[in-house]
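# Analysis of the macromolecular model
So you can see what is in the structure, the chains are spelled out below.
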Amino acid sequence: MVYHNSLITSFQNNLFTIYPEEKTHHQKVQELCEFNSKNFGLSSADKEKLCLASNVYDLGKLFIPPSIYNKKENLTIKEFDVIKQHVVFAHKLLSLTSDYRFVAEIVLHHHENWDGSGYPHGLKGEEIPYLSRVLAILDAYSALTSNRPYRKAMTHEEAINELKKARLTKYDPQILDKFIKNLV
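Here we summarise the structure given alongside this text. (Residues numbered from 1 in each chain as written. Predicted model: local features only at pLDDT ≥ 70, side-chain atom pairs only at ≥ 80, totals over all residues. Heavy atoms only, no water.)

## A word on helix α1 (residues 6-18)
In a regular helix each residue adds 1.5 Å, so 13 residues correspond to 18 Å; α1 covers 18 Å between its end C-alpha atoms and thus fits that length. Among all positions in α1, only Ile8, Phe11, Gln12, Leu15 and Phe16 are buried. The arc that holds the buried residues of α1, viewed along the axis, is 135 degrees, so those residues lie on one side. In α1, the exposed residues that point more than 90 degrees away from the buried face are Ser6 and Thr17. Buried-residue contacts for α1 involve α2 (21-36), α3 (44-56) and α6 (86-95). (Helix = DSSP H or I, 4+ residues; strand = E, 2+ residues; numbered from the N terminus. Expected span 1.5 Å × (residues − 1). Buried < 20%, exposed > 50% of the residue type's maximum accessible area, 1.4 Å probe, protein only. Arc of directions from axis to C-beta. Contact = heavy atoms within 4.5 Å.)

## Concerning the packing of aromatic side chains
Scanning the model with the defined rule gives 5 aromatic pairs in all. Ring geometry for Tyr141 and Phe179: centres 5.5 Å apart, planes at 70 degrees, overall edge-to-face. Of this pair, Tyr141 sits in helix α8 (residues 130-144) while Phe179 is found in helix α10 (residues 173-183), placing the two residues 38 residues apart along the sequence. Residue class for Tyr141 comes out buried when judged on its relative accessible area of 10%. Taking relative accessible area as the criterion, Phe179 reaches 0% and is therefore assigned buried. Three or more aromatic residues joined by ring pairs form one cluster here, namely Phe11, Phe63 and Phe89. (Phe/Tyr/Trp six-rings, centres within 6.5 Å; stacked < 30°, edge-to-face > 60°.)

Printed below as a string of structure tokens:
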């Protein structure tokens, strides 16, 4: 099923205009979603939700000032607090539309960490929606293997090692193990 909403499309086009690297990052996450969804044992409905969420999950970055988003130095605590709001902004935006409302919660929680140290609500373990836990890994791998304002892209092996380091802190270990096994 194809979803089209002119409001969401407009916001997404603006995001990609302001932050062009986000378009490549989103395409990579969508490819990872397609490639891995069967491996995660997703129903066709959950695959559709995950792939749709992977297309719109960072729309809230549009509301992050470029001076913070593009900063090469370490962010201050205050600046990082601004960055963390992107999931809340995206959730609010997606909740306004009937076409995307059903993926808003997935998007809201994709930066929650397995150990409870994530944001925006500090959810822990299986309190985090399953599809949010999957999206977190897809997003992280894509981000690690993409150039970012603050660092160069990592190789596949370097990215896998980074993900493994955070296996029990950031990521659901079972989902991460499936993801890594499928990429090898």
